[in-house]
Amino acid sequence: MSTTELLFSRTDKALGSFAVRPLDPFADAELLHGWVTHPKASFWMMQDASLPDVEREYMRIAAHEHHQAFIGLHEGRPAFLMETYDPSELELVGLYDARPGDVGMHFLVAPSDTPLHGFTRAVITTVMAAIFDDPTTERVVVEPDVANTAVHALNEAVGFTAERQVTKPEKEALLSFCTRAQFEAATAAQGVSI
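Just so we're clear, the structure is a prediction, and the values are computed from it rather than from any experiment.

Novice: Report on the side chain of Asn155, specifying residues and quantitative values.
Specialist: Tracing the chain through its elements places Asn155 in helix H4 (residues 149-157). With sequence-adjacent residues up to four places away left out, Asn155 is seen in contact with Ile124, Val142, Pro144 and Phe160.

Novice: Before we move on, could you go through the packing of helix H3 (residues 119-132) against H4 and cite the residues and values that matter?
Specialist: One way to put it is that H3 packs onto H4 with a least axis distance of 10 Å and a crossing angle of 55°. By the angle between their directions, the pair H3 and H4 is classed as oblique. Every pair of crossing elements has a handedness; the one defined by H3 and H4 is right-handed. For the pair H3 and H4, the contacting residues are Thr120, Arg121 and Ile124 in the first and Leu154, Asn155 and Ala157 in the second. For the contact of H3 with H4, a count of residues per class yields three nonpolar, two polar and one charged.

Novice: An account of the sheet that holds strand E6 (residues 139-142) is requested, with residue identities and associated values reported.
Specialist: Strands in a sheet are paired, the pairing made by backbone hydrogen bonds, and the direction either parallel or antiparallel. An order of E1-E2-E3-E4-E5-E6-E8-E7 is seen for the eight strands of this open sheet, with the pairing classed as mixed. In the strand order of this sheet, the two ends are held by strand E1 (8-12) and strand E7 (161-167), each with one partner. Pairs of neighbouring strands in the sheet enclose a mean axial angle of 30°, with direction left out of account. Where strand E3 (residues 67-74) and strand E4 (residues 77-85) come together, eight bridges link them in antiparallel fashion. Pairing of Gln68 across the sheet is with Thr84, part of E4. Across the face of the sheet, helix H1 (residues 29-36) comes into contact with E3, E4 and strand E5 (102-109) while running at roughly 85° to E4.

Novice: Describe H4, naming the residues involved and giving the relevant values.
Specialist: Turning to H4, its buried residues are Val151, His152, Leu154, Asn155 and Ala157. Along its buried surface, H4 packs onto E5, H3, E6, strand E8 (172-179) and helix H5 (180-189). At the C-terminal side of H4, Gly159 shows a positive phi close to 110°.

Novice: Would you mind going over helix H2 (residues 51-63) in detail, with residue names and values included?
Specialist: Along an α-helix, a turn takes 3.6 residues, which lines up residues three or four apart on a common side. The first and last C-alpha atoms of H2 sit 18 Å apart over 13 residues, in line with the 18 Å expected at 1.5 Å per residue. Every buried residue belonging to H2 is among Val54, Tyr58 and Ile61, and all of these are buried. The arc enclosing the buried residues of H2, seen along the axis, measures out at 50°, which places them on a common side. Opposite the buried face of H2, by more than 90 degrees, sit the exposed residues Arg56 and Ala63. Tucked into the core, H2 has its buried residues touching H1, E3 and E4.

Novice: Can you tell me about the pattern of salt bridges, naming the residues and giving the values?
Specialist: Under the criterion given, the structure shown has 10 salt bridges. Here Asp12 ties to Arg10 by a salt bridge, and the two come within 3.6 Å at their closest N and O atoms. There is no split in this pair, since Asp12 and Arg10 are both buried. Arg21 is the partner of Asp28 in a salt bridge, and the nearest nitrogen-oxygen pair spans 2.9 Å. Accessibility classification places Asp28 together with Arg21 in one group, the buried group.

What counts, and at which threshold
- Along each chain, residues carry numbers from 1 onward, in the same order as the chain's sequence is written.
- Per-residue local features of the predicted model are confined to residues with pLDDT of at least 70, and side-chain atom pairs are confined, for both listing and counting, to 80 or more; whole-chain, interface and lining totals are unaffected and use all residues.
- Calculation of side-chain values draws on the structure's entire complement of heavy atoms; hydrogens and water are dropped beforehand.
- Segments assigned H or I by DSSP are reported as helices when at least four residues long, segments assigned E as strands when at least two residues long, and all are numbered from the N terminus.
- Contacts were defined at the residue level, with two residues in contact if any of their heavy atoms lie within 4.5 Å.
- Axis geometry follows a simple rule: fit a line to the C-alpha atoms, using only the stretch in contact for helices, then measure angles between N-to-C directions, giving values from 0 to 180 degrees.
- Roughly parallel means an angle under 35 degrees; roughly antiparallel, over 145; roughly perpendicular, 65 to 115; everything else is oblique.
- The sense of a crossing depends on the near helix, which, turned anticlockwise from the far helix by less than a right angle, makes the crossing left-handed and, turned clockwise, makes it right-handed.
- Gly is placed with the polar residues, together with every amino acid not listed as nonpolar (Ala, Val, Leu, Ile, Met, Phe, Trp, Tyr, Cys and Pro) or charged (Asp, Glu, Lys and Arg).
- Here, a strand pair is defined by DSSP locating no fewer than two bridges between the strands.
- Only protein chains enter the accessibility calculation, which uses a 1.4 Å probe; a residue whose area is less than 20% of its type maximum is buried, one above 50% is exposed, and one in between is partly exposed.
- A helix is expected to span 1.5 Å multiplied by its residue count minus one.
- Note: the arc covers the axis-to-C-beta directions of the helix.
- In the sections that follow, a salt bridge refers to a side-chain nitrogen of Lys or Arg positioned within 4 Å of a carboxyl oxygen of Asp or Glu.

Pasting the structure below:
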């Protein structure tokens, strides 16, 4: 797959074009290193990662059968990181009863010197729309750190319902779910087109 191949795109009425492309562990490593080690990315848990550490992590993800990583674009420029995974195989094994059609998700917005109002919400909307673009996806599953209140609010805004706290090796997490119907209802209520 080429890193120029767009896998999904949408237009946000206020902020313009968003798209998702495959991640290249080598070509994108320097970009990602700046993102994941930034102080605002503390919940990504890679603050002390070296450039080779980032390359290795994304090579591992690229080679994994049940984990994928993507670069998100805003107006054609890299602006966010998106990961999907099979929660019956990774991250949440044994912590909840996975259903067919469940997709796990992580996302990280790139640091910016010129923040745009509503940008992070447009990013999570794009991430969710890209995941639900696959007709086999029934429900998106997330497990953010319980202390990450900003992401809990964003998740709720796009339709997630928090179920319960779960203990993972690296954190206490808030297990939350969003069905296709919940996502569609949340975006329709906000007047957001997908």
